[in-house]
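Coordinates in review
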Amino acid sequence: MDDKKFMKLKEIQILFHNELDALFGKEEVDNFFFILIESYYGIKRFQLAMDTSLGLENNEAILSALKLLKQEKPIQYILGHTEFYGLPFKANKHVLIPRPETEELISWIIENTDVNEKLKILDIGTGSGCIAVSLAKNLPKCEIVALDISANAIKVAEGNAQLNNVEITFVKSDILNVSDISNELINKQFDIIVSNPPYVREREKEHMKPNVLDNEPHIALFVKDNNPLQFYEAIVNFAENNLTSKGLLYFEINEYLGDKMIFLLQRNDFQEIELKQDIFKKDRMIKGIKS
Ligand code: GLN
């Protein structure tokens, strides 16, 4: 046996704490450690509690994960997967890591939708596909189309549709550029359009954590300070022809731009506009019905 490679899990756990506690705090470091030993070696937390002499024949994977955590690489990218709305999702640097606030958006849509209806739903800026896939899974009668500008993101989203056994039509288009929107979409009407587009203003960068800034795709996050609703405006314009009358528009939004979003939807004759907060009491979602 190669002694360098054999390490007790307890020793590795101590190494994790020594190297990472200053960055993340003890509790978070334990979380990382237990997620990694379960994911890489199938060893659960209680097993280590029961047998503290448990060890690894080959510790390369977990030590290289430690190195990446030290560089503040998100654990979801290190593992290559995460969970969203109770479903497994693959994630890599081409897509945002699905966020809990987006789960709240999904819940809101599902609450407001009759599961027996056969609706056509469009997800704009699908990224990992987390919105499209979790809607497809929970509203199985609906026909779902998902659009993204990034071919790499679409690859991930297609993988996630497969992983979750749902059928989604993926379209590569730039919603900001009408001439780029594929013909199959131009002539299609949807009952629901949903989007979590880029909405963080450049000037908000200074308040963001390095693990997000240095790792997640900026194309999926940022908008210009002087044009923060660019994507929402483009989507509202698209909805003019492509959302059915009485169709629903759902957005995840920047917590500071709720009023502007209400105004945008009012100006475009949307009815029953509702702004909704996330669990942190931040304005995070909006919906409106096309008149
Ligand atoms: N909520 C995300 C964040 O704070 C941003 C998502 C987005 O821009 N659509 O990082």
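Calculation rules
Residues numbered from 1 in each chain as written. Predicted model: local features only at pLDDT ≥ 70, side-chain atom pairs only at ≥ 80, totals over all residues. Heavy atoms only, no water. UniProt positions renumbered as here; feature names shortened; annotations may be inferred. Helix = DSSP H or I, 4+ residues; strand = E, 2+ residues; numbered from the N terminus. Contact = heavy atoms within 4.5 Å. Axes fitted to C-alpha atoms, helices over the stretch in contact; angles between N-to-C directions. Parallel < 35°, antiparallel > 145°, perpendicular 65-115°, else oblique. Left-handed = near helix turned anticlockwise from the far one by under 90°. Nonpolar A, V, L, I, M, F, W, Y, C, P; charged D, E, K, R; others polar. Pairing = 2+ DSSP bridges. Buried < 20%, exposed > 50% of the residue type's maximum accessible area, 1.4 Å probe, protein only. Phe/Tyr/Trp six-rings, centres within 6.5 Å; stacked < 30°, edge-to-face > 60°. Core = buried A, V, L, I, M, F, W, Y, C linked by side-chain atoms within 4.5 Å.

The name recorded for the protein in an unreviewed UniProt entry is peptide chain release factor N(5)-glutamine methyltransferase, from Hyunsoonleella aestuarii. Of the protein, the UniProt comment under Catalytic activity (unreviewed entry) reads exactly: "L-glutaminyl-[peptide chain release factor] + S-adenosyl-L-methionine = N(5)-methyl-L-glutaminyl-[peptide chain release factor] + S-adenosyl-L-homocysteine + H(+)".

**Focus: the side chain of Glu252**
Mapping Glu252 onto the fold places it in strand E11 (residues 243-252). Not counting chain neighbours up to four residues away, the residues in contact with Glu252 comprise Glu101, Thr102, Leu105, Ser195, Asn196, Pro197, Tyr199, Tyr232, Arg284 and Met285.

**Describing the packing of helix H1 (residues 9-24) against helix H2 (residues 26-41)**
It is the contact of H1 with H2, at a shortest axis distance of 8 Å, that shows an interaxial angle of 135°. By the angle between their directions, the pair H1 and H2 is classed as oblique. The two elements H1 and H2 cross, and the hand of that crossing is right-handed. Residue-level contacts link Leu9, Ile12, Gln13, Phe16, His17, Leu20, Asp21 and Phe24 of H1 to Lys26, Glu28, Val29, Asp30, Phe32, Phe33, Phe34, Leu36 and Ile37 of H2. Of the residues contributing to the contact of H1 with H2, the split by class is 11 nonpolar, 2 polar and 4 charged.

**Structural notes on the pairing of strand E12 (residues 270-277)**
Note: E12 against strand E13 (residues 283-290), 6 bridges, orientation antiparallel. Its bridge partner being in E13, Gln271 is matched across the sheet by Ile289. Between E12 and E13, which follow one another and run antiparallel, lie 5 residues, and Lys281 among them has a positive phi close to 60°.

**Some remarks on the UniProt feature "domain: Methyltransferase small" (unreviewed entry) in the protein**
According to UniProt, the feature "domain: Methyltransferase small" (unreviewed entry) maps to residues 110-205 in the numbering used here. The span residues 110-205 shows a helical share of 29% and a strand share of 24%, and its end C-alpha atoms are spaced 32 Å apart.

**Points about the sheet that holds strand E6 (residues 143-148)**
Note: strands within a sheet are paired through backbone hydrogen bonds, in either parallel or antiparallel orientation. In space, the 7 strands of this open sheet follow the order E7-E6-E5-E8-E11-E13-E12, with mixed pairing throughout. Each edge of the sheet is formed by a strand with only one pairing partner; in this case those strands are strand E7 (169-172) and E12. When strand polarity is set aside, the average angle formed by the axes of neighbouring strands in this sheet is 15°. For strand E8 (residues 190-195) and E11, the ladder comprises 5 bridges, and the chain directions are parallel. The residue bridging Ile193 from the neighbouring strand is Leu249, located in E11. The sheet strands contacting helix H7 (residues 130-138) are strand E5 (120-124), E6 and E8, and the helix crosses E6 at an angle near 175°. Along the sheet face, helix H12 (residues 230-242) touches E5, E8, E11, E12 and E13 and points at about 160° away from the line of E11.

**A word on unusual backbone geometry**
In this structure, Tyr85 takes a positive phi of about 50° despite not being glycine. Of note, Tyr85 is situated in the loop between strand E3 (81-84) and strand E4 (87-90). A residue is classified by how much of its surface remains accessible, and Tyr85, at 24% relative accessible area, is partly exposed. Positive phi outside glycine occurs at Asn165, with the angle close to 60°. Within the secondary structure layout, Asn165 lies in the loop between helix H8 (151-163) and E7. The class for Asn165 is exposed, based on a relative accessible area of 69%.

**Focus: the packing of aromatic side chains**
By the definition in use, this model includes 7 aromatic pairs. For the pair Phe16 and Phe33, a centre-to-centre distance of 5.4 Å together with 70° between the ring planes defines the contact as edge-to-face. Here Phe16 is found in helix H1, whereas its partner Phe33 is found in helix H2, with 17 residues between them in sequence. Classification of Phe16 as buried rests on a relative accessible area of 0%. Seen in terms of ring centroids, Tyr40 and Tyr41 are 6.1 Å apart; in terms of plane orientation they differ by 85°. Their pairing is edge-to-face. Assessed through its relative accessible area of 25%, Tyr41 is described here as partly exposed.

**Let's talk about the packing of H1 against helix H4 (residues 60-70)**
Orientation of H1 relative to H4, taken along the N-to-C sense of each, is 10°, at an axis distance of 10 Å. Between H1 and H4, the angle falls in the class roughly parallel. Listed contacts from H4 to Ile12, Leu15, Phe16, Glu19, Leu20, Leu23 and Phe24 of H1 are Ile62, Leu63, Leu66, Leu69 and Lys70. Residues belonging to the contact of H1 with H4 are distributed by class as follows: 10 nonpolar, no polar and 2 charged.

**A few points about the nonpolar core**
Core analysis: the largest hydrophobic core is formed by 35 residues, its most contacted members being Leu122, Ile193, Leu249 and Phe251. At the level of secondary structure, the elements contributing two or more residues to this core comprise E5, E6, E8, strand E10 (222-223), H12, E11 and helix H13 (258-267). With 6 residues, the single largest contributor to this core is H12. Residue contacts for Ile193: discarding those within four places in its chain leaves Leu122, Ile124, Ile235, Phe238, Ala239, Asn242, Leu243, Leu248, Leu249 and Tyr250. Listed in part, the 32 residues of the second largest apolar core include Ile109, Leu119, Ile154 and Ala161.

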